Amino acid sequence: MDLGTEAQKLVWGAAIPLQIHLDESEITTLTPPPPSLVMGHRLGYLPLLIPLLKPHFNSSLPPGVDTIWFDYKGLPLKWYIPIGVLFDLLCAEPERPWNVTVHFRGYPAEILMPCDGEDSIKWSFINSLKEAAYVVNGNCKNVMNMSQSDQLELWKCVGKANMEGYHRISSKLKLGTAMEEFMARIQCSSMQPHQGTTDADHIGPSRTGMYLTLHDALKALLPEIFMDESSLDEQNSNMILEDVPRFTESDSHSGELEKVSSTVNNITMGISDRHSPHCSSSKSRVKLIRIQGIEPNLDLPLSWVISNLLNPEFYLHVCVYLEVLASRAEGR
C-alpha cells in the first residue's frame, strides 16, 4: 500500500472528541444535564450529531420547535464547514475535548444561513462539489449528471466516514484524473528545482526534484503575508489564481491573533504559535499552519498535499494563524 493511501486513511479515520453543553438559557430542569461526550468525524458536520444530542438533552428543553445550532465561546458555528476545519480555525491551542455549546432555540438567522436538517447539509456538500468540479474541469457536468442514488450513496459515505465507498462512487466523477492534469499544467509552468527532496517527491510530478511546493502555493495565495520574499513567476501565479472567484473573511480572535479564512482554487486558508522562517516580519507573522489537524512541512509537493489531504468535497482547507504585531494592533 503506497504512502498516499495510508495518508488518506488517516484523514478519513480522524475524529475530534467533543464535549457538548446545552445552553444555560434553555435548561428547564433543577439539575442541569451533563454534557454529551461524542466523537465528531473530522470530515463530517456538526448537525449530523443531532440524532445523538437530542435524546440526551430532550428532557431539559423548554417547549417549542427545535432550531438547532452550535457556538464556541459565543461565536455561532457555520454548519456547512466541516468539523475538523472549524476546530483547526478556532483552537490555536487544541482543546481535548473541544467544548462546544448546542442551542435548540433562538436560531441566529442574521448570522447563519438557514439549516433545515440533514438535507441542507447534503445539498451544501453537493454544491461545494460542483464548485470544485468547475474550478478543476471548467464545468460541473459530471456532478450535475450524477444519479440521485449515487448522490445519496456518496453523501452516506461522507457521513459514515466510509473512504472505500466514497472513492468507489466519486471515481465516476473523474475529478481525480482532472486534478492530476490540472496540477501537471501548473507544474509545467513552474518547474523549480528543490534540494533535499524526500520520499514524498516520488508521489508528485514525474520529474523528481522539480515541483511546486505547498509554500509556493501559499505565497501565491497570500502575497501580503509573504511579501518579503521574491515573487513567484508571474505566469505561474496567473495560472494558479486567474479567473477564480476569491472570498475572504476576517475577524479578530483572542488577543493578538487574527483569523483569516479564504477560499481560492479549492484551497481554504487560517494562522498559531510557531515562528515560520518563510513569513513576512514587517506586518503580520505566520505562527501556525494546519491542514487536517497537522502542521505540514511547507516544502511538501503541492501535488501530494492535494492528493492526500483533500476533504470529500474536493477542497483543500488550509488554516493559518497570524500574529498581529504590536505596532499594527495599537493602530486599531
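Residues numbered from 1 in each chain as written. Predicted model: local features only at pLDDT ≥ 70, side-chain atom pairs only at ≥ 80, totals over all residues. Heavy atoms only, no water.

Colleague: Would you mind going over the sheet that holds strand β3 (residues 69-72) with me for this structure?
Modeller: What links the strands of a sheet is backbone hydrogen bonding, and the strands pair in either a parallel or an antiparallel sense. The five strands are arranged β2-β1-β5-β3-β4 in an open sheet whose pairing can be described as mixed. Either end of the sheet is taken by a strand with one partner, and the two such strands are β2 (36-41) and β4 (75-76). (Pairing = 2+ DSSP bridges. Helix = DSSP H or I, 4+ residues; strand = E, 2+ residues; numbered from the N terminus.)

Colleague: When you look at the side chain of D216 in this model, what are you seeing that I'm missing?
Modeller: Tracing the sequence through the fold places D216 in helix α9 (residues 214-221). This buried residue, D216, is left without a salt bridge; K219 holds the nearest opposite charge, at 6.1 Å. At 3.0 Å, the side chain of D216 forms a polar contact with the backbone nitrogen of T213. (Buried < 20%, exposed > 50% of the residue type's maximum accessible area, 1.4 Å probe, protein only. Lys, Arg positive; Asp, Glu negative; His and termini not counted. Salt bridge = Lys/Arg side-chain N within 4 Å of Asp/Glu carboxyl O. Polar contact = N/O pair within 3.5 Å; in protein donor to acceptor, adjacent residues only side chain to side chain.)

Colleague: Whenever I open this one, the nonpolar core confuses me. Can you help?
Modeller: In a soluble, globular protein the nonpolar side chains are often hidden away together inside. F125, L129, V305 and L316 are the most contacted members of the largest nonpolar core, which has 53 residues in total. Mapped by element, the contributors of at least two residues to this core are α1 (3-13), α4 (118-137), α6 (148-159), α7 (163-170), α9, β9 (284-290), α11 (302-309) and β11 (319-324). The leading source of residues in this core is α4, at seven residues. Look past the residues within four positions of F125 in its chain and what remains in contact with it is Y45, L154, W155, V158, P312 and E313. Among the nonpolar cores identified, the runner-up in size contains 27 residues, and L61, Y72, V85 and C319 belong to it. (Core = buried A, V, L, I, M, F, W, Y, C linked by side-chain atoms within 4.5 Å. Contact = heavy atoms within 4.5 Å.)

Colleague: How do you make sense of the pattern of salt bridges when you look at a structure like this?
Modeller: Think of it this way: side chains of opposite charge can pair up when their charged atoms draw near. For the coordinates displayed, the defined rule picks out six salt bridges. Two residues, R105 and D66, come together in a salt bridge whose shortest N-O distance is 2.8 Å. Taken together, the residues R105 in the loop between β5 (98-103) and α4 and D66 in the loop between α2 (50-57) and β3 connect sequence positions 39 residues apart. The class for R105 is buried, based on a relative accessible area of 16%. Between K172 and D150 there is a salt bridge; the shortest N-O distance is 3.2 Å. You can see K172 sitting in the loop between α7 and α8 (175-190) and its partner D150 sitting in helix α6, a full 22 residues away along the chain. You can call D150 buried: its relative accessible area is 16%.

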